[in-house]
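# Observations on the three-dimensional arrangement
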Amino acid sequence: MKIKKNGEIRTAYFYISPLLTIILLFILIPIVGTFINSLYRDITYLPSRFTGFTNYVDLIKLSDFWNSFKFTTLFTVVSVSLETVLGISFALLLKEVFTGRSFLRTILLIPWAIPTAISARLWQLMYNYNYGLLNYFLDVTHTGAKVNWLGTARGAFWAITIADVWKTTPFMTLILLAGLQTIPDELYEQAMVDNATMWKRFLYITLPLLRPALVVALIFRTADALRIFDLVYVLTGGGPAGSTRTISILGFHYFVNGDFGTGSAVSIIIFLLVFIFSFFYIRAGRFKETL
Amino acid sequence: MRILYPFILFLLLFISSCSRPRELTFMVGGSPNELLYWEKVIDEFHEKTGINVKLIRQATDTDQRRQGIVIALRSKSRDPDVFLMDVVWVGAIASSGWLEPLNSYIERDNLDLNKFFSRVVNEVDRYRGNVMALPVYVDGGLLYYRKDLLAKYGYTTPPETWEELLQMAKKVQARERRKNKNFWGFVWQGAMYEGLICTFLEFSSSFGGGIAIDSTGRIVVNIPQNVEALKFMQDLIHRYKISPPNTYTELKEEEVRLIFDEGNALFERNWPYAWGLHEKNPELKDKVSITKLPHRKGKRSASTLGGWHIGISRFSDVKDEAWEFVKFVTSYEKQRDFALNLGWNPGRIDVYTDTVIEKTAPHLVLLKDVFENAVARPSLPYYSGVSQILQKHLNSALSLSETPQEALQKAQTDIDEFIKKYED
């Protein structure tokens with residue numbers, strides 16, 4: 001198998017060449033272009049000038065950058081963990097046969113199907129101080145004074161996390177459910193014969209066999225969480241006082257202010273961050289063995 | 001041979017398109033009804049002068065409008081020839097050398113600049129002595145108040161100073177709260193966005209401070225009057241509690257207007273656009289009035305200047321036609337039409353005394369006084385970056401995560417650091 005004729009390899013390259021061209025044109029060139037741009041002082045109203053890594057050095061010295069870095073990674077860790085736990089639970093529940101299962105499976109997808117900007121607006125209305133649903137309940141039940149939910153850094157963090165978990169848990173559930181369906185029932189029957197407890201069946205059969213699906217879901221979710229923009233932009237706009245500015249929002253602010261060089265540098269940093277996370281997941285997923 | 005026909009046809013079309021009369025391109029954005037109105041303006045212009053104008057429609061969003069214009073100018077594109085600019089970009093675009101100085105045209109046609117708000121022309125449209133643009137419409141912050149409520153609690157005139165406003169708001173809020181738990185004394189824009197800079201400029205200037213540029217070109221924000229003003233803004237929310245706690249997270253123009261529209265506020269700081277909407281509200285009809293924003297005792301009240309200006313691209317290939325269009329848009333008749341049809345506040349001062357205007361839009365008479373004393377935000381190439389820094393620290397002070405002193409100190413340090421990048 002290992003020895004291939006040159007002709008075969010050539011044919012193989014010929015067949016994948018359209019894909020390679022597309023990757024080159026639409027992924028590699030923009031990334032390289034952004035990187036080159038990040039080495040320039042490229043500001044709207046001024047002539048552009050090569051400055052090497054100055055943009056990166058300036059960013060690393062900036063406390064704003066580190067605040068948004070901390071916020072983004074903390075948000076990613078907390079929201080992806082919650083989504084994973086909830087996603088696995090929902091997937092396990094929905095795998096069982098019961099009346100109304102297909103109905104539940106369908107409505108579970110609703111949060112994921114709503115465009116993020118719209119669901120963010122819905123959540124914003126719920127958190128709203130004057131007309132919000134949460135404050136309405138506080139008012140009706142006389143449990144306490146109105147709360148300005150988005151008014152503190154901590155409140156805003158949890159407001160964003162909850163909205164994100166609500167929105168993306170269905171995605172996690174969907175992929176994991178597909179993964180669960182590939183696990184043969186015989187394995188569980190065998191385990192039942194051996195008197196394995198439910199927990200042990202989960203730990204030794206479900207989890208290991210679910211790993212490929214889980215890794216795929218985690219890669220997607222982590223990459224999305226690290227790049228999060230729309231939800232935060234609509235919900236808090238990066239406030240209060242810049243405490244919820246994610247790295248993407250920071251980069252966006254540079255672009256809006258016409259500082260394309262620094263904006264590009266921020267983009268490259270996000271790219272590297274996502275790349276590193278994905279790399280570790282693929283390592284942890286041990287894809288080489290399964291493929 | 002037949003196969004060549006399409007090519008011949010194409011060639012003919014190409015030639016005919018080249019020899020067509022030269023066309024003027026006008027880039028403008030705004031709400032759908034504004035764009036519809038611009039189409040009408042263009043038709044009228046065509047009828048009057050025979051010059052064709054092509055309209056390039058832009059989004060409503062101000063930032064997107066700026067990007068569209070800047071990208072075209074940066075690439076030295078021949079289109080657009082004429083465009084509208086927000087008050088804060090005029091300086092930046094002029095300093096890049098992308099605007100055609102209008103002096104020679106103004107002199108040639110004897111255009112009287114005194115017919116425009118002279119302060120606006122001098123502070124916004126002039127760059128190194130040259131006039132680079134002309135105001136199409138102006139905007140400024142106002143104080144809206146409930147006439148009926150002030151009368152109910154024995155006040156005959158609206159507040160002139162912040163101290164008076166505070167007293168009135170405290171008293172009325174306390175009494176009104178008995179029936180209406182959601183009642184607030186004073187609502188204003190405090191969320192982290194450009195609007196916060198506008199309100200801060202009004203508070204600080206009316207405390208005797210402001211956002212100033214010193215002789216070395218440095219932006220100065222950390223002065224005692226500004227600290228005092230910021231402290232007052234913070235106190236309105238947290239100490240006197242006459243402004244809602246979500247002021248610094250949620251309140252922008254529309255949020256503020258809605259609170260007032262629902263009858264839940266005594267005073268409101270907003271732009272003139274809210275006037276028409278409050279007027280249309282049957283529950284507020286004849287209960288609302290406008291006045292100048294208050295000031296600190298012994299100081300002068302201030303209103304932040306907004307609005308849009310028209311200018312000609314330096315890369316335009318039809319500058320004379322473009323100038324005709326600028327003259328048309330800023331003419332007395334058109335300016336009055338804008339006021340009557342779109343509710344815009346004319347950039348020409350003589351329209352405010354027009355008899356039709358006085359009859360149909362009497363509030364404009366008061367506005368004239370406000371615009372004459374409006375304060376402009378600094379006109380600089382890196383203004384938006386400075387604004388971003390300032391927004392963050394002002395908002396920190398309002399959310400109590402920094403003291404007013406700290407906030408302005410840090411803003412000053414950050415701005416000084418930020419500007420270094422622009423020096424060379």
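The rules behind each value
- Residues numbered from 1 in each chain as written.
- Chains lettered and ligands numbered in written order.
- Predicted model: local features only at pLDDT ≥ 70, side-chain atom pairs only at ≥ 80, totals over all residues.
- Helix = DSSP H or I, 4+ residues; strand = E, 2+ residues; numbered from the N terminus.
- Contact = placed C-beta atoms within 7 Å.
- Rg over C-alpha atoms; globule rule 2.2 N^0.38 Å.
- Buried ≥ 20, exposed ≤ 12 C-beta atoms within 10 Å, placed from the backbone.
- Pairing = 2+ DSSP bridges.
- Axes fitted to C-alpha atoms, helices over the stretch in contact; angles between N-to-C directions.
- Nonpolar A, V, L, I, M, F, W, Y, C, P; charged D, E, K, R; others polar.
- Core = buried A, V, L, I, M, F, W, Y, C linked by C-beta atoms within 7 Å.
- Domains from an automatic or database assignment.

### With respect to the overall build of chain A
Within chain A, the regular secondary structure consists of 14 helices and two strands. In terms of its C-alpha atoms, chain A occupies a principal-axis envelope of roughly 80 × 75 × 30 Å. Within chain A, contacts between residues separated by at least 24 positions form 68% of all contacts whose residues are at least 6 apart in sequence.

### Re the overall build of chain B
For chain B, the count of helices and strands is 18 helices and 15 strands. In summary, chain B has a C-alpha radius of gyration of 24 Å against a globular reference of 22 Å for 424 residues, a match within 12%. Seen through its principal axes, chain B has C-alpha atoms that stretch 90 × 55 × 50 Å. Counting the 424 residues in chain B, one finds 47% classified as buried.

### Examining the sheet that holds strand β8 (residues 184–187) of chain B
Residues and elements named next belong to chain B. Across the sheet, four strands lie side by side as β8-β11-β7-β12; this open sheet has mixed pairing. In the strand order of this sheet, the two ends are held by β8 and β12 (288–291), each with one partner. Neighbour-to-neighbour, the strand axes of this sheet turn through a mean angle of 15 degrees, independent of strand direction. Across the sheet, helix α8 (residues 162–176) lies against β8 and β11 (265–270), angled at about 140 degrees from β8, the strand it touches most.

### Observations concerning helix α11 (residues 253–261) of chain B
Residues and elements named next belong to chain B. Burial in α11 covers these residues: Glu255, Val256, Arg257, Ile259 and Phe260. Next to the buried residues of α11 lie β7 (142–146), β8, β11 and α12 (273–280). Gly263 lies just past α11 and shows a positive phi near 75 degrees.

### Some words on the pairing of strand β1 (residues 23–28) of chain B
All names here are of chain B. Taking burial as the measure, the six residues of β1 include five buried ones, the bulk of the element. Two elements, β1 and strand β2 (residues 52–57), share six bridges in a ladder whose sense is parallel. Directly across from Met27, in β2, lies its bridge partner Ile56. Pairing analysis gives two bridges linking β1 to strand β3 (residues 82–86), with the strands arranged parallel. Bridge pairing links Met27 to Phe83 in β3.

### With respect to the interface of chain A and chain B
On the side of chain B, 26 residues touch chain A, which itself brings 21 residues to the contact. Across the side of chain A that touches chain B, the residue classes break down as eight nonpolar, twelve polar and one charged.

### Some words on the nonpolar core
In terms of nonpolar packing, the biggest core is built from 122 residues, with Val82, Val90, Ile93, Phe186, Val187, Phe325 and Val326 of chain B touching the most fellow members. Per-element tally for this core: the top contributor is helix α10 (residues 224–238) of chain B, with seven residues. Two domains each provide a minimum of three residues to this core, namely domain 1 (21–138 + 305–375) and domain 2 (142–304) of chain B. If we skip the residues at most four places from it in the chain, Val82 of chain B touches Leu24, Phe26, Ile310, Ile312, Ala322, Phe325 and Val326 of chain B. In this structure, Phe75, Trp123, Ile228 and Tyr254 of chain A belong to the second largest nonpolar core, which totals 38 residues.

### A short note on the domain arrangement of chain B
Residue and element names in this part refer to chain B. Here the domain parsing of chain B yields domain 1 (21–138 + 305–375) and domain 2 (142–304). A separation of 30 Å is found between the C-alpha centroids of domain 1 and domain 2. Between domain 1 and domain 2, the contact holds eleven residues from the first and 13 residues from the second. Where the side of domain 1 that touches domain 2 is concerned, the elements lending two or more residues are β13 (303–312), α16 (363–372) and β15 (374–375). The leading source of residues in the side of domain 1 that touches domain 2 is α16, at four residues.

### Some remarks on the environment of Leu74 of chain A
Positionally, Leu74 of chain A belongs in helix α3 (residues 63–95). C-alpha separation for the pair Leu74 of chain A and Ala145 of chain A, spaced 71 residues apart in sequence, amounts to 30 Å.

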